[in-house]
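Reading the structure
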Amino acid sequence: MDSLRRVFLLLARSPLLWLPGIVAGGLGAMDILLQFTYGTFFASRVVIIEALIMPFLLAGAYTEIKTGDKDLKAFLSAGIHYYFRILLPTLLITCAILATVILLSIPLAIMGAIETVLPFILLGSIIPIIFFVFFYDTAAVFEDRGVFDCIRRSVEVVLNRPARVIGFFLACLGIVFIIALPLAVIWTGILYDHLLPLSTMDPSQIQSFSMSMLNGMLGSWGIQLTSVFYFIGVAVVTNIIYAFKAVFFQTTTGDAQETEPPVLHGEYDEKGRWYKY
């Protein structure tokens with residue numbers, strides 16, 4: 001709770017800290033509009049743009065939280081300095097997840113059970129990896145660590161404070177729920193007439209339901225409204241959670257350093273007396 005209170009104070013005092021969420025929400029809303037207008041081919045390119053921009057913005061935001069410097073020049077300079085220290089581990093973790101899914105899918109495909117088990121494989125592969133490496137980007141910025149070292153440091157923090165980290169993830173789920181649920185209720189209420197045919201579909205129709213069918217059901221106005229709600233939800237959730245992660249990492253690693261016993265340098269002589277260097 002102390003970390004969350006500090007998060008809200010940080011976001012209230014610095015407009016620059018809102019940039020990661022605004023950009024993520026804006027690109028996500030653009031993705032929705034493009035997939036309705038031009039199809040998924042052009043919309044998928046927005047995801048690549050977002051993956052390339054977000055490390056820069058996160059690096060600048062983390063550095064501002066770390067140093068307290070609210071200057072735009074310092075924000076941009078930090079984004080450039082730590083850009084590849086966040087981007088490269090991100091690519092490495094993504095490749096590890098894909099490799100794990102592929103390796104697990106091969107024997108299941110041979111047995112013919114891939115279609116029923118694939119969702120569980122994805123969840124079983126992604127969730128544990130993300131749980132242990134979630135703090136890699138904060139370790140790269142706050143402790144100035146390299147590509148592999150920041151991943152190792154994230155695993156170390158999780159193993160040292162498992163109960164505290166689990167509490168952090170539960171708090172993040174609570175934040176998502178508190179923000180997403182009201183938006184979803186309002187969105188459903190406004191588009192009730194457009195979504196009403198979903199309640200009359202049988203299981204076979206729901207199973208064959210596609211994104212293009214949803215686009216046709218919502219129409220142009222419904223898609224525009226959906227993009228607005230998506231932008232608001234993603235912008236708010238992203239900014240709170242990334243700032244929460246940064247402050248949580250600071251406090252957690254600070255507590256760990258305070259509780260570590262001091263390293264003594266010296267030796268005992270032949271009579272058992274301690275001589276400190």
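Here's what I pulled together on the structure shown here. (Residues numbered from 1 in each chain as written. Predicted model: local features only at pLDDT ≥ 70, side-chain atom pairs only at ≥ 80, totals over all residues. Heavy atoms only, no water.)

So, the environment of aspartate 149
- Mapping aspartate 149 onto the fold places it in helix H8 (residues 147–160).
- Owing to a relative accessible area of 29%, aspartate 149 belongs among the partly exposed residues under this scheme.
- Each C-alpha atom of the pair aspartate 149 and proline 89 lies 9.6 Å from the other, and the pair is 60 residues apart in sequence. (Helix = DSSP H or I, 4+ residues; strand = E, 2+ residues; numbered from the N terminus. Buried < 20%, exposed > 50% of the residue type's maximum accessible area, 1.4 Å probe, protein only.)

A short note on the nonpolar core
- Core analysis: the largest hydrophobic core is formed by 58 residues, its most contacted members being Tyr62, Ile65, Phe135, Phe168, Tyr242 and Phe244.
- A total of 15 residues in this core trace back to one element, the largest contributor, which is helix H12 (residues 211–259).
- Excluding its chain neighbours within four sequence positions, the residues that come into contact with phenylalanine 135 are Ser154, Val158, Val165, Phe168, Lys245, Phe248 and Phe249. (Core = buried A, V, L, I, M, F, W, Y, C linked by side-chain atoms within 4.5 Å. Contact = heavy atoms within 4.5 Å.)

Re the packing of helix H5 (residues 83–111) against H8
- For the pair H5 and H8, the least separation of the axes is 9 Å and the interaxial angle reads 70°. As judged from the angle between their axes, H5 and H8 are roughly perpendicular. Both H5 and H8 take part in a crossing whose hand is right-handed. Contact residues: H5 offers Arg85, Leu88, Pro89, Leu92 and Ile93, while H8 offers Val147, Phe148, Cys150 and Ile151.
- Each residue belonging to the contact of H5 with H8 can be placed in one class, and the counts come to 8 nonpolar, no polar and 1 charged. (Axes fitted to C-alpha atoms, helices over the stretch in contact; angles between N-to-C directions. Parallel < 35°, antiparallel > 145°, perpendicular 65-115°, else oblique. Left-handed = near helix turned anticlockwise from the far one by under 90°. Nonpolar A, V, L, I, M, F, W, Y, C, P; charged D, E, K, R; others polar.)

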